[in-house]
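Remarks on the overall topology
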Amino acid sequence: MTQGWGASMRRGTNLPRVGDFNQAVILDTIRRSDDGLSRVELVSATGLSAQTVTNICRRLLDLGLIAEAGKQSSGPGKPRTILRLEPSGRYAVGVHLDPAVMTFVVLDLAGQVVVRSQQPTPPVTDPDKIVVGMAEAIGALIDQSGLARERILGIGIASPGPIDSQRGEVVDPPHLVGWRNVPLRAALSEATGLPVLIDKDVTAAVVAEMWAGGPTGAGSFVFFYLGTGVGAGMAVRDSVVRGRSDNAGEIGHFVVDPDGPMCACGLRGCIGASCEPMALVREAVGLGVLESVPTDNDARAVDRWFTVLCECADSGDERAEQVLDRSAVRVAKAVSDIVNLLDLERVVFGGPFWSRLRDRYLRVIPPVLDAATTVRNVHGVDVVGTNVGEDVGAVGAACLVLDHSFSPRPSSLLIAG
Ligand SMILES: [Zn+2]
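How each quantity is defined
Residues numbered from 1 in each chain as written. Predicted model: local features only at pLDDT ≥ 70, side-chain atom pairs only at ≥ 80, totals over all residues. Heavy atoms only, no water. UniProt positions renumbered as here; feature names shortened; annotations may be inferred. Helix = DSSP H or I, 4+ residues; strand = E, 2+ residues; numbered from the N terminus. Rg over C-alpha atoms; globule rule 2.2 N^0.38 Å. Buried < 20%, exposed > 50% of the residue type's maximum accessible area, 1.4 Å probe, protein only. Donors = N, O, S within 2.8 Å, 3.2 Å for Na, K, Ca; no water. Tetrahedral: all angles 85-135°; square planar, octahedral: opposite > 155°, others 65-115°. Pairing = 2+ DSSP bridges. Expected span 1.5 Å × (residues − 1). Polar contact = N/O pair within 3.5 Å; in protein donor to acceptor, adjacent residues only side chain to side chain. Core = buried A, V, L, I, M, F, W, Y, C linked by side-chain atoms within 4.5 Å. Domains from an automatic or database assignment. Contact = heavy atoms within 4.5 Å. Buried area = accessible area lost by both parts, 1.4 Å probe. Salt bridge = Lys/Arg side-chain N within 4 Å of Asp/Glu carboxyl O. Nonpolar A, V, L, I, M, F, W, Y, C, P; charged D, E, K, R; others polar. Arc of directions from axis to C-beta.

An unreviewed UniProt entry lists the chain under the name ROK family transcriptional regulator, with Phytoactinopolyspora halotolerans given as the organism. The Sequence similarities (unreviewed entry) comment attached to the chain in UniProt states, word for word, "Belongs to the ROK (NagC/XylR) family."

**With respect to the overall build of the chain**
Within the chain, the regular secondary structure consists of 12 helices and 15 strands. Taking 2.2 N^0.38 as the reference for a compact globule, 417 residues should give roughly 22 Å; the C-alpha atoms of the chain span a radius of gyration of 23 Å, in line with that estimate. With the principal axes as the frame, the chain shows a C-alpha extent of 75 × 55 × 50 Å. Across the 417 residues in the chain, those meeting the buried criterion constitute 53%.

**Thoughts on the coordination of the zinc ion**
For a metal with four tetrahedral donors the ideal donor-metal-donor angle is 109.5 degrees, whereas six octahedral donors ideally subtend 90 or 180 degrees. In the first shell of the zinc ion, the protein supplies H253 (ND1), C263 (SG), C265 (SG) and C270 (SG), at 2.0 to 2.3 Å from the metal. The coordination sphere of the zinc ion comprises 4 donor atoms, whose angles at the metal cover 103 to 120°; the geometry is tetrahedral. In the primary sequence, the donor residues of the zinc ion line up as H-x9-C-x1-C-x4-C. Among the residues examined, C270 registers a relative accessible area of 0% and is labelled buried.

**Concerning the sheet that holds strand 1 (residues 37–38)**
The strands making up a sheet associate through hydrogen bonds between their backbones, and the pairing can be parallel or antiparallel. Strand order in the open sheet formed by 3 strands is 1-3-2, and the pairing between neighbours is antiparallel. This sheet does not close on itself; its edge strands, each paired only once, are strand 1 and strand 2 (66–72). The pairing of strand 2 with strand 3 (residues 80–85) spans 5 bridges and is classified as antiparallel. Bridging across to strand 3, A67 finds its partner in R84.

**Focus: helix 10 (residues 318–342)**
Helix length check: helix 10 (25 residues) gives 36 Å between terminal C-alpha atoms against 36 Å at 1.5 Å per residue, within 8%. Put simply, D317 is the residue that caps the front of helix 10, since its side-chain oxygen is 3.0 Å from the backbone nitrogen of R319. Residue D343 follows helix 10 closely and has a positive phi angle near 55°.

**Here's the deal with the nonpolar core**
Counting residues in each nonpolar core, the largest one holds 46 residues, and the members touching the most others are I26, L42, I66, F223, L402 and F406. Listed by contribution, the elements that provide at least two residues to this core are helix 1 (21–32), helix 3 (50–62), strand 3, strand 5 (101–108), strand 7 (152–159), helix 6 (201–212), strand 11 (221–226) and helix 12 (392–406). Considering every element that reaches this core, the biggest residue donor is helix 12, with 10 residues. Ranked by size, the runner-up nonpolar core spans 44 residues in total, among them V281, C310, A320 and I365.

**Description of the pairing of strand 3**
Where strand 1 meets strand 3, 2 bridges bridge the pair, whose relative direction is antiparallel. Paired with S38 across the two strands is I82, which belongs to strand 3.

**Some remarks on the domain arrangement of the chain**
The accessible area lost on association of the parts is a frequent measure of interface size. One can read the domain layout of the chain as domain 1 (21–88), domain 2 (90–208 + 394–406) and domain 3 (215–387). At the interface, 22 residues of domain 2 touch 23 residues of domain 3. For the domain 2 and domain 3 pair, buried surface summed over both sides reaches about 1700 Å², with 56% attributable to carbon and sulfur atoms. For domain 2, the biggest contributors to the area lost against domain 3 are H175, V202 and V206; these three give 31% of the whole. Our count for the domain 2 to domain 3 interface comes out at 2 salt bridges. Between R242 and D199 there is a salt bridge, with the nearest N and O atoms lying 2.5 Å from each other. The tally of links from domain 2 across to domain 3 stands at 7 residue pairs in polar contact (both at pLDDT 80 or more). Among the secondary structure elements, those contributing two or more residues to the side of domain 2 that touches domain 3 are strand 10 (196–200) and helix 6. In terms of residue count, helix 6 provides more of the side of domain 2 that touches domain 3 than any other element does, 6 residues in total. For the side of domain 2 that touches domain 3, the per-class residue count stands at 12 nonpolar, 6 polar and 4 charged.

**A word on the pattern of salt bridges**
A full pass over the atoms with the stated rule returns 20 salt bridges. A salt bridge links R242 to D246, with the shortest nitrogen-to-oxygen separation between them at 4.0 Å. In this structure, the salt-bridge partner of R356 is D303, at a minimum N-O distance of 3.2 Å. Taken as a pair, R356 in helix 11 (residues 354–372) and D303 in helix 9 (residues 299–314) lie far apart in primary sequence, 53 residues in all. Among the residues examined, D303 registers a relative accessible area of 24% and is labelled partly exposed. By sharing partners, the salt bridges in this structure join D257, E283, R326 and R330 into a single network.

**As for the side chain of S145**
You can see S145 is positioned in helix 4 (residues 127–145). Judged by its relative accessible area of 18%, S145 falls in the buried class. Within polar-contact distance, the side chain of S145 engages the backbone nitrogen of L147 at 3.2 Å.

**Regarding helix 5 (residues 184–192)**
Regarding helix 5, the residues found buried are L184, R185, L188, S189 and T192. Seen end-on, helix 5 carries its buried residues on one side only, within an arc spanning 120°. Each element contacted by the buried residues of helix 5 is listed here: strand 4 (91–97), helix 4, strand 7, strand 9 (169–170) and strand 10. Positive phi shows up at G193, right after helix 5, with a value of about 75°.

The structure is reproduced here in structure tokens:
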């Protein structure tokens, strides 16, 4: 038997798929329609036979995943019954494990947040305690939602990378001190009794954009994530780029400024070392904008100082503006490399630090990117902020569960051997 990361085992989860491939295609088609579809429209949209569509729709109605939404007359024939997604059909829990804060959401089938909660990530080096805290927070959130547990498909976790997706482990993220090969998936599943999926935070952000972001989540794009660290998740032609081990998007050591600060890797001007909030706060201290540097790994202090830096820049402090404008140019350099590598049509920014940088980045980055885009005479590249909001990591984590349970996957057509 061949060892490897086969498509069917790649997700490594006990989360059940709901229905077969054709059912997934029908549900996906209904989900993506704005006003619902009739059975006749489903036949023409999917290429399936009328009998198959009728049978599958019956099953989806019985499962409570779709609902009938009135009748529509078009021409002389019998009025057609419109079918639409039933948002309350199933739910998913999303957990975003960020070095500064843990965010929890319950999402409905339409990708809308039903309830959410947030708590600081405890500054402990004992991951077991964090797992217990996570399980309690999830239990409280489900209670608060009033939902029956059987309607909840499972829990998705968005974690800083790298991850071991086969074992469900957080490997050794640079900003989570003390986390080394933590079997988070198994531990949280045992603590909650629910199936658990784990993926990288940037991958979750891409999936959130695709499921809940509207038009900006279609086609080929990079999601540039501005958190305690910076990262990139990519989608090409509506498919998430995951790489061999689900760890695609490790851009932290892209050199974006040969004169930038030294990185721990020995190079100068890596994007991580020159654009992460901690790096910008340090730069601002060096220029006298801020008074003192927070100690390493105090993510919450960095967050507070970063807010002060942005406020200084917004009120016209030239040195603060310099720091942030320079970071925008550096980010544009990394983004243009990714856009050129994969021939992308859109750059989507998001993550917990995005809203503080939005106006500046949307002003500085587009012209720099345009000048650096090799295909600019073939097609443009849009630069936008995510529509999903600050909780994109947690929403994405829950979307991983919805996506895994309901998206059509050609691999499910393969015969398992
Ligand atoms: Zn480096």
